[in-house]
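What the coordinates show
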Amino acid sequence: MALTGLRFPASALRGRRYPELPHRYRGEFQRDRDRIIHARAFRRLEDKTQVFGDRFSDHFRNRLTHTIEVAQIARTLASALGLDEDFTEALALAHDIGHPPFAHAGEEELNRQMRAFGDTFDHNLHALHIVESFEQRYARFPGLNLTFEVREGMVKHSRDFEPGERAEFDEYLPGLRPPLEAQLIDLADEVAYNTADLDDGHSAGLFTMEEIAAAVPHYGELAEEIVWQFPAAPEKVQFQEVLRRLIDLLASSLIEGTIESVQSSGVQSLDDVRRSPRLVRMSGEASPTNRALKKFLFEHVYSTPPLMEERRKACEGIAELFQYFLRHPAELPDGHRERIEELPLHRVVCDYIAGMTDGFFRRTATRLL
Ligand code: MG
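Below is a summary of the structure that appears in this document.

Criteria and cut-off values
Residues numbered from 1 in each chain as written. Predicted model: local features only at pLDDT ≥ 70, side-chain atom pairs only at ≥ 80, totals over all residues. Heavy atoms only, no water. Helix = DSSP H or I, 4+ residues; strand = E, 2+ residues; numbered from the N terminus. Rg over C-alpha atoms; globule rule 2.2 N^0.38 Å. Contact = heavy atoms within 4.5 Å. Areas by Shrake-Rupley, 256 points an atom, 1.4 Å probe, with all protein chains shown as cover. Salt bridge = Lys/Arg side-chain N within 4 Å of Asp/Glu carboxyl O. Buried < 20%, exposed > 50% of the residue type's maximum accessible area, 1.4 Å probe, protein only. Core = buried A, V, L, I, M, F, W, Y, C linked by side-chain atoms within 4.5 Å. Donors = N, O, S within 2.8 Å, 3.2 Å for Na, K, Ca; no water.

**Examining the overall build of the protein chain**
Scanning the protein chain from terminus to terminus reveals 17 helices and 0 strands. The C-alpha radius of gyration computed for the protein chain amounts to 22 Å, which stays within 12% of the reference 21 Å derived for 369 residues, consistent with globular compactness. For the protein chain, the spread of C-alpha atoms along the principal axes amounts to about 65 × 50 × 35 Å. Once local pairs closer than 6 in sequence are excluded, the contacts in the protein chain between residues at least 24 apart make up 72%. Approximately 16,900 Å² of the protein chain is accessible, and the part contributed by carbon and sulfur atoms is 52%.

The following block contains the structure:
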């Protein structure tokens, strides 16, 4: 059973901030998708770290290839569930557009720097600013003029909020959940990065298949079957065979779990979806696998010495450059320097650094420090 009845209805579109005529043959979400792909912030994902910096290997994910993997998984889920694939795809492509350089280390350090001013850095909010104003491609309006629904999905990527919790989010239906197409993204992201980080961590030699099997439910059974079926295959090929089945297991469990939760909640319409707790979830069978996978990656990848060392360096570098621009605002490029007239300097510095790729950050730090 698909959830076709809960597919986001075109009649419910709230549309764009600046009205535009419909396109001859592209739907509104297809146009949003195309605007995101053509944005500079999207292209910069190519040189932003996902987990492993580029000094580890040329084969590992960066934030752009991760984004493409999320989009592909999310589209499959949306299509299997009878939801609007174009809506889901636009959101998947935008989901990391606000990420600063150097992955989570970058985000943490920018947030730490901002807290000294009683402020914060939040990559979902930064993403909203990118699509609302930083991208300059249209003569008639700032930003990309995306539909309300895509902007709402972006700010509600991984969490919901109540009225008044954050003034800037108040127009995005606080207290209500986003449509199912948007709820899919957070979990599609999880399936993509848990399996991708396992892949990259295994290639980096951080652990063996036996260690995964000992810690992650279902992995051992999948691996046994593969080894029995392809005993002569090299270990790295056996690993890939298991990995594919693991992605399939998690994605299928998301489809089944979501159908189950929709059925047991009795929701019938978009309005019901908005008022119910989030409905997209994995089935009971695969949730422990997903949880164990997360824990395994934390212990065997994210908190290992080479990655901790990368994080430490990234945090140190960002702190230094942030402090440098606070002391030397004249070194900011023109467009950013002009913003100091309307905004506090720390906000301008934060936005500038958040937009940088890893490579541009390194070149700027080398030039100035
Ligand atoms: Mg992501």
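**Focus on the side chain of threonine 147**
Inspection of the secondary structure puts threonine 147 in the loop between helix H6 (123-134) and helix H7 (148-155). If we ignore the near neighbours within four places in the chain, the residues touching threonine 147 are Leu13, Gly15, Arg16, Glu28, Phe29 and Asp32.

**Brief notes about the pattern of salt bridges**
This structure, assessed with the given rule, holds 35 salt bridges. As a salt-bridge pair, arginine 274 and glutamate 152 come within 2.7 Å of each other at their nearest N and O atoms. Of the two residues, arginine 274 sits in helix H12 (residues 270-275) while glutamate 152 sits in helix H7, which places them 122 residues apart along the sequence. Each of the two residues, arginine 274 as well as glutamate 152, counts as buried. Residue aspartate 351 is joined to arginine 339 by a salt bridge in which the shortest nitrogen-to-oxygen separation is 3.1 Å. Taken together, the residues aspartate 351 in helix H16 (residues 345-355) and arginine 339 in the loop between helix H15 (334-338) and H16 connect sequence positions 12 residues apart. Pair check on accessibility: aspartate 351 and arginine 339 agree, each one buried. What emerges from the salt-bridge pattern is a single network uniting Arg16, Glu20, Glu28, Arg31, Asp32 and Arg35.

**Comments concerning the environment of histidine 157**
Looking at where histidine 157 falls in the secondary structure, it is placed in the loop between H7 and helix H8 (180-203). For histidine 157, a relative accessible area of 7% corresponds to the buried category. In this structure the C-alpha to C-alpha distance between histidine 157 and isoleucine 36, which are 121 residues apart in sequence, comes to 16 Å.

**Notes on the nonpolar core**
Generally speaking, soluble globular proteins have nonpolar side chains that are buried together. Core analysis: the largest hydrophobic core is formed by 74 residues, its most contacted members being Ile36, Val150, Met154, Leu180, Leu198 and Tyr219. Among all residues touching leucine 180, those that are not within four sequence positions of it are Leu3, Leu6, Leu83, Val262, Val273, Leu279 and Val280. In this structure, Phe121, Phe322, Tyr324 and Val348 belong to the second largest nonpolar core, which totals 23 residues.

**Comments concerning the coordination of the magnesium ion**
Note on metal sites: the ideal angle is 109.5 degrees for four tetrahedral donors, and 90 or 180 degrees for six octahedral donors. Distances from the magnesium ion to its protein donors, His66 (NE2), His95 (NE2), Asp96 (OD) and Asp189 (OD), fall at 2.2 to 2.6 Å. For the magnesium ion, all donor residues lie on one chain, and their spacing in sequence is H-x28-H-D-x92-D. The same class applies to histidine 95 and to aspartate 96, which are both buried.

These figures come from the coordinates and say nothing about function on their own.
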